[in-house]
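So you can see what is in the structure, the chains are spelled out below.
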Amino acid sequence: MNKLRRPWAAWALLCLAAGWNPHEGWAVTNAPSLRERFAGRFLVGVALDGRLPDAYSTAEQELIARQFDALTPANCMKMMHVQRAEGRFDFELADAFMAFAARNKQKVCGHCLVWAKDERTPAWIFRDGDQPVTREKLLERMRAHIEAVAGRYRGRVISWDVVNEPLDDGKEYLRPSQWVALTGEEFMVQAFEHAHRVDPDAILVLNDYNIEQPAKRSKLLRLLKTLLDRKAPIHAVGIQGHFELDAIPWQDLEDTVVAIRNLGLQVMITELDIDVVLRSKWWADNGKHRAELAQYNPFAKGCPPEVLQRQAEQYRRLFELFCRYDKTITRVAFWDLHDGRSWLNDFPWRRANHPLLFDREARPKPAFEAVVRPDP
Ligand code: 9MR
């Protein structure tokens, strides 16, 4: 037998022995695992939402335990959830999340300490009685928040998304917000300093989307240079990785990974998915197509096999790129467990989406097969 073919033959035999069925694919419990597939290269993660463990069925919990190294709380550690009113902390869901990960011996990636977006920040932080908050008070409240949250989970999370989504999508450099209006870049410098002081072993991440695109990438590099010049303890950049089918910017993504590496920082792919019901049109043409898109739900009854195949090929190519940069990329995490749980079923309009490696029954899709298959 040709030498090159041998691993494939062995793989095929292993698949059959392990219970792969050509009509139904893998049963959840005996599928190969992503965490084993990429062991020694990068951690494979997933974001989970709701109260753990109750929010997930037994089968889903088995899938989580088997496939992933690291868990990200999709919502329960956000400021909006843990500190809805000043000084009134609610850690119930976040503690349950930590306990679930500990039982599974999985790592936790904290998300997020400061979301640089006004709508995603509790309004109280910007007010002082009937006055707008001062710069000093805002920074003081931010410090207290970081000390409380990062302090509570010190030594138990491997990383923190310290600043989330600070870059503007339009003409500005930084996203306009009260954080920026009152402090400029200062809140970010201080947020990293506080997080590092409170949890010195945590990898500190700046997390944003579309930063592989050249316009936003140059803003990212400007911000990173500023933070590094000011000795902010930043260790990694989170490229969220919310991609759209047939529109993955391959070269730009690679260039961005290299640019971040050249600054001496790690890369984490923090929120990976591939949308198959393209959403970029939603913002195009100044909203001209908004109403008609709101009705657009082409895959409500299921995703056509040819679309799933294209998605599989694009996922395969992404992981091939991630492996080529495995000295720089330390984690690749999916945003949500399976298609039925994806945020893309609701954003930016309600529709049935199919963006992940597992389908609505938590069964592996062609994309899973393509990603988990060993190198030829
Ligand atoms: O998936 C999250 C969704 O359940 C929340 O309603 C939303 C607002 O808090 O945030 C979603 O997660 C976002 C993440 O925190 C930051 N990057 C984009 C993610 C998807 O919107």
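For the structure, see preceding data.
Analysis parameters
All residue numbers here refer to positions counted from 1 along the written sequence of the relevant chain. pLDDT decides what is reported in this predicted model: residues at 70 or higher carry local features, side-chain atom pairs at 80 or more are listed and counted, and totals for whole chains, interfaces and linings draw on all residues regardless. Water and hydrogen atoms play no part in the side-chain values, which are based on all heavy atoms of the structure. The numbering of helices and of strands both runs from the N terminus, where a helix is a DSSP run of H or I of at least 4 residues and a strand a run of E of at least 2. Computation of the radius of gyration draws on C-alpha atoms, with the globule rule given as 2.2 Å multiplied by the number of residues to the power 0.38. Working definition: with a 1.4 Å probe on protein chains only, accessible area under 20% of the residue-type maximum means buried, over 50% means exposed, and in between means partly exposed. What makes two residues a contact is simply this: any of their non-hydrogen atoms within 4.5 Å. Grid points spaced at 1 Å over the protein atoms alone were grouped into cavities, where a 1.4 Å probe fits but cannot get out, and pockets, open sets with protein on both sides within 12 Å along at least five of seven lines, with lining residues defined by an atom within 4 Å of a point. Grid points are joined across faces, edges and corners, and a volume is the space filled by probe spheres set on the points. When residue character is reported, Ala, Val, Leu, Ile, Met, Phe, Trp, Tyr, Cys and Pro are called nonpolar, Asp, Glu, Lys and Arg charged, and the others, Gly included, polar. Side-chain atoms within 4.5 Å are what join buried Ala, Val, Leu, Ile, Met, Phe, Trp, Tyr and Cys residues into a set we call a nonpolar core. For two strands to be treated as a pair, DSSP must find at least two bridges joining them. With strands facing away from the observer, any crossover in which the path from the first strand over the helix to the second runs clockwise is taken as right-handed. Being near a molecule or strand, for a residue, comes down to having at least one heavy atom within 4 Å of it. What qualifies as a polar contact is a pair of N or O atoms within 3.5 Å, subject to a donor-acceptor requirement within protein and to the restriction that residues adjacent in sequence count only when both atoms come from side chains. Whether a molecule sits in a cavity or pocket is decided by its atoms, more than half of which must lie within 2 Å of the grid points. The term salt bridge refers to a pairing of a side-chain nitrogen on Lys or Arg with a carboxyl oxygen on Asp or Glu at a separation within 4 Å.

Participant: Could you give an account of the overall build of the protein chain, with specific residues and numbers?
Facilitator: Within the protein chain one finds 13 helices and 11 strands. A globule of 376 residues ought to have a C-alpha radius of gyration of about 21 Å, and the protein chain, at 21 Å, matches this closely. The principal-axis extents of the C-alpha atoms in the protein chain amount to approximately 75 × 50 × 40 Å. Among the 376 residues that make up the protein chain, the fraction classed as buried is 54%. Put simply, of all contacts in the protein chain between residues at least 6 apart along the chain, 78% involve residues at least 24 apart.

Participant: Outline the layout of surface pockets, listing residues and values.
Facilitator: Of the volumes computed, that of the largest pocket is approximately 1,300 Å³. Lining the largest pocket are 42 residues; nearest its centre among them are E165, Y209, H242, W343 and F347. Among the elements of the structure, helix 4 (79-82), strand 3 (107-115), helix 9 (214-229) and strand 9 (242-244) are those that each provide at least two residues to the lining of the largest pocket. Here the lining of the largest pocket is built from residues that sort into 14 nonpolar, 11 polar and 17 charged.

Participant: Now, about the nonpolar core: what can you tell me, with residues and values included?
Facilitator: Counting 110 residues, the largest nonpolar core has L34, W160, Y315 and F322 as its most contacted members. In terms of residue count, helix 12 (residues 305-324) provides more of this core than any other element does, nine residues in total.

Participant: So what's going on with the pairing of strand 7 (residues 203-208)? Which residues, and what values?
Facilitator: One face of the sheet, then the other: side chains in a regular strand alternate in exactly this way. In terms of residue burial, strand 7 counts as a mostly covered element, since five of its six residues are buried. Across five bridges, the pairing between strand 6 (residues 159-164) and strand 7 is parallel. The residue of strand 7 that forms the bridge with S159 is I203. With four bridges joining them, strand 7 and strand 8 (residues 236-239) adopt parallel strand pairing. Residue pairing for strand 8: N207 is matched across the bridge by G238. Each parallel crossover has a hand, and the one from strand 7 via helix 9 to strand 8 is right-handed.

Participant: Would you mind going over empty space enclosed by the protein in detail, with residue names and values included?
Facilitator: Under the counting rule described, the total for this entry stands at one cavity of 30 Å³ or more. Size it by volume and the largest cavity reaches roughly 40 Å³. As for the largest cavity, its lining consists of K78, M79, C112, L113, V114, W115, R120, T121 and P122. Broken down by element, the lining of the largest cavity gets its largest block of residues, four residues, from strand 3. Classifying every residue of the lining of the largest cavity by side-chain character gives six nonpolar, one polar and two charged.

Participant: Help me get a handle on the site of the ligand, residues and values and all.
Facilitator: Lining the immediate surroundings of the ligand are 13 residues, of which N75, K78, H111, E165 and E271 lie closest. The side chain of E165 places a nitrogen or oxygen atom 2.8 Å from a nitrogen atom of the ligand. A distance of 2.9 Å is found between an oxygen atom of the ligand and a side-chain nitrogen or oxygen belonging to W335. Here the ligand is seated within the largest pocket. Its residues placed into classes, the shell around the ligand shows three nonpolar, five polar and five charged.

Participant: Tell me about the pattern of salt bridges, residues and numbers included.
Facilitator: One pass over the structure, following the stated rule, counts 26 salt bridges. As a salt-bridge pair, E86 and R141 come within 3.1 Å of each other at their nearest N and O atoms. With E86 in the loop between helix 4 and helix 5 (92-103) and R141 in helix 6 (residues 135-152), the pair connects residues that are 55 residues apart, well separated along the chain. What makes E86 partly exposed here is its relative accessible area of 45%. On the basis of relative accessibility, which here comes to 7%, the residue R141 falls in the buried class. Between K327 and D326 there is a salt bridge, and its shortest N-O distance comes to 3.9 Å. Take K327: its relative accessible area is 77%, and that puts it in the exposed class. For D326, a relative accessible area of 18% gives the class buried.

Participant: Could you give an account of the side chain of D326, naming the residues involved and the relevant values?
Facilitator: Mapped onto the elements of the fold, D326 is located in the loop between helix 12 and strand 11 (329-334). At 2.9 Å, the side chain of D326 and the side chain of R41 are in polar contact. Sequence-distant contacts of D326, defined by excluding residues within four places in its chain, comprise R41 and F42.

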